[in-house]
Amino acid sequence: MSIPRQMEFTFEYAPLVPKTAKQGEEACNPSGWEWVEAVVWTKCMLAALGNGVKGGKWYSLIDKVYNPRTLKAAWKKVASNKGAAGVDKISIKRFRCNAQVYLEELEKDLRKGTFRPSPVRRVHIPKDRKKLRPLGIPTVKDRIVQTALKMVLEPIFEREFLPTSYGFRPERRCKEALREVTRLLKEGYTWVVDADIKSYFDMIPHDLLMVRIREKVGDGKILTLIEYFLKQGIIEGMECWNPIKGTPQGAVLSPLLANVYLHQLDLTLQRYGRRVIRYADDFVVLCKSKEEAEETLAEIQKWMDQNGLQLSQEKTHIGNCCEVGQGCEFLGYRFEEGCRYVRKKSLKKFKDTIRAKTRRTRGDSIENIISDLNPSIRGWFEYFKHAHHHTFSSLDGFIRRRLRAVLRKQKKRPGSGKTGRDHRLWPNAFFAERGLITMHEAYVLARQSR
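All values derive from a computational prediction rather than experimental measurement.

The rules we used
- Residues numbered from 1 in each chain as written.
- Predicted model: local features only at pLDDT ≥ 70, side-chain atom pairs only at ≥ 80, totals over all residues.
- Heavy atoms only, no water.
- Salt bridge = Lys/Arg side-chain N within 4 Å of Asp/Glu carboxyl O.
- Helix = DSSP H or I, 4+ residues; strand = E, 2+ residues; numbered from the N terminus.
- Buried < 20%, exposed > 50% of the residue type's maximum accessible area, 1.4 Å probe, protein only.
- Patch = residues over 30% accessible without salt bridge, like charges linked within 9 Å, V, L, I, M, F, W, Y side chains within 5 Å.
- Areas by Shrake-Rupley, 256 points an atom, 1.4 Å probe, with all protein chains shown as cover.
- Lys, Arg positive; Asp, Glu negative; His and termini not counted.
- Charge placed at Lys NZ, Arg CZ, Asp CG, Glu CD.
- Expected span 1.5 Å × (residues − 1).
- Bend = angle between axes of the 7 residues up to and from the residue.
- Contact = heavy atoms within 4.5 Å.
- Axes fitted to C-alpha atoms, helices over the stretch in contact; angles between N-to-C directions.
- Parallel < 35°, antiparallel > 145°, perpendicular 65-115°, else oblique.
- Left-handed = near helix turned anticlockwise from the far one by under 90°.

1. Description of the pattern of salt bridges
One side chain can pair with another of opposite charge once the charged atoms of both are near each other.
Link 1 in the chain: All chains considered together, the criterion is met by 29 salt bridges.
Link 2 in the chain: With a closest N to O distance of 4.0 Å, Arg343 and Glu329 form a salt bridge. Of this pair, Arg343 sits in the loop between β11 (339-342) and α14 (344-357) while Glu329 sits in strand β9 (residues 328-330), and the two are 14 residues apart along the sequence.
Link 3 in the chain: Look at Glu329 and you get partly exposed, because its relative accessible area is 30%.
Link 4 in the chain: One salt bridge in this structure joins Arg408 and Asp422, with 2.8 Å as the shortest N-O distance. Placement of the pair is Arg408 in helix α16 (residues 390-410) and Asp422 in helix α17 (residues 420-425), with a sequence separation of 14 residues.
Link 5 in the chain: When its relative accessible area of 10% is taken as the criterion, Arg408 is described as buried.
Link 6 in the chain: Residue Asp422 is classed as buried on the basis of its relative accessible area of 0%.

What follows is the structure in structure tokens.
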């Protein structure tokens, strides 16, 4: 069935350039950069950032990295993020016991230029049912140095980034990117190029990345430090090697470096007048026609070929978001038939979370189980509350069925909680009285409050 192209999308949307995007004259105003680390970026430095520095390059930055106040602030950030120990087996807890000594050692090594990062401990975490995602775990010391580097470098590159980029940037959110997709769909940009870069973080060419960093950074010691981190060893089991391309997922610097590299793609698409919304390596380009979408995909493919990257042929496609079976998936949602749906993988992941918390063998009271469920339900709904409303009533029923099955088990009665007798014995009101969040009711309330 075909749906009219000018069908109405019913969601709120953000302006084309979000207020949080600080560029041009607005970037010259230090008051627009409250998120920067004050121990590094003084008002004078922010003024220089806004007005521009001679030659467009920043020199003499290494002293900002090894400044004791910078390292202390970086350590606080690393400690708050927690995380596992690296190859040296020094955990956050152990580092904290002797933090002052460790920080002084880092300052001395960075000042002398003798600092060398330790190898990254590689583990694999589940990506979906069939795949695993490699994750690099640097040592606590290396995480502190990378955090200090990021605190110094991020504002320099943030000033250059376009408002069409949302991922891993200060004061930018997934919801803003999703609102922009909805806004463009409402304006008739219904043809979409849904692009996926194959193993992006593992394939970034080091030499081309460093060229882009050198365009803005002229401090040789900073550049050398970044190269050390790009080439630091990786240990997995009994094997150890040094990568020749890519940035390790899990490293503090990786998201910033990934954005630096793809910034050139943003500029290229902007020059062609394309409407792109990018979140890290996940991006869509919205177009007015199929012909425009095909031209855009050719432009993207050419850029990838010239910059050492590849598009995933299986995951990259062109479609019309107003047609059944076409559309695109972006940041957990599926845009199709003029609506936002929750994509299947996101639904499955949420249901798996519910199943894990409502095992029939769980020896706990129904009140405790509901208290355990509610934060997951609340957080999931808060993100997906703009999805099609049928999603919520269906999930509410699924959750209550799981709870009825738990109650049946506690009464030593087999079954899955789907019978009419179960509904009469434990009606919806039974769970509401015990505080279970109902997403359909939350959706209705959210609609009324707009």
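Having seen it, we continue.
2. Let's talk about a positive patch on the surface
Link 1 in the chain: On the surface, Lys127, Lys131, Arg133, Lys315 and Lys349 cluster together to form a positively charged patch.
Link 2 in the chain: Here Lys127 lies in the loop between β1 (120-126) and β2 (132-137).

3. Looking at helix α15 (residues 366-384)
Link 1 in the chain: In this model α15 runs 26 Å from its N-terminal to its C-terminal C-alpha over 19 residues, within 8% of the 27 Å that 1.5 Å per residue would give.
Link 2 in the chain: A maximum bend of about 30 degrees is found in α15 at Leu373, where proline Pro375 lies one to four positions downstream.
Link 3 in the chain: Ile366, Ile369, Ile370, Leu373, Asn374, Ser376, Ile377, Trp380, Phe381 and Phe384 are the residues of α15 that are buried.
Link 4 in the chain: The secondary structure elements touched by the buried residues of α15 are β10 (333-336), β11, α14, α16, α18 (428-433) and α19 (439-448).

4. Topic: the packing of helix α6 (residues 99-112) against helix α7 (residues 140-158)
Link 1 in the chain: Running from N to C, α6 and α7 cross one another at 60 degrees; their axes reach a closest spacing of 11 Å. In terms of orientation, α6 lies oblique with respect to α7. Regarding α6 and α7, the two cross each other, and that crossing is right-handed. Residues Tyr102, Leu103, Glu105, Leu106 and Leu110 of α6 touch α7, and the partners they reach there are Lys141, Ile144 and Val145.

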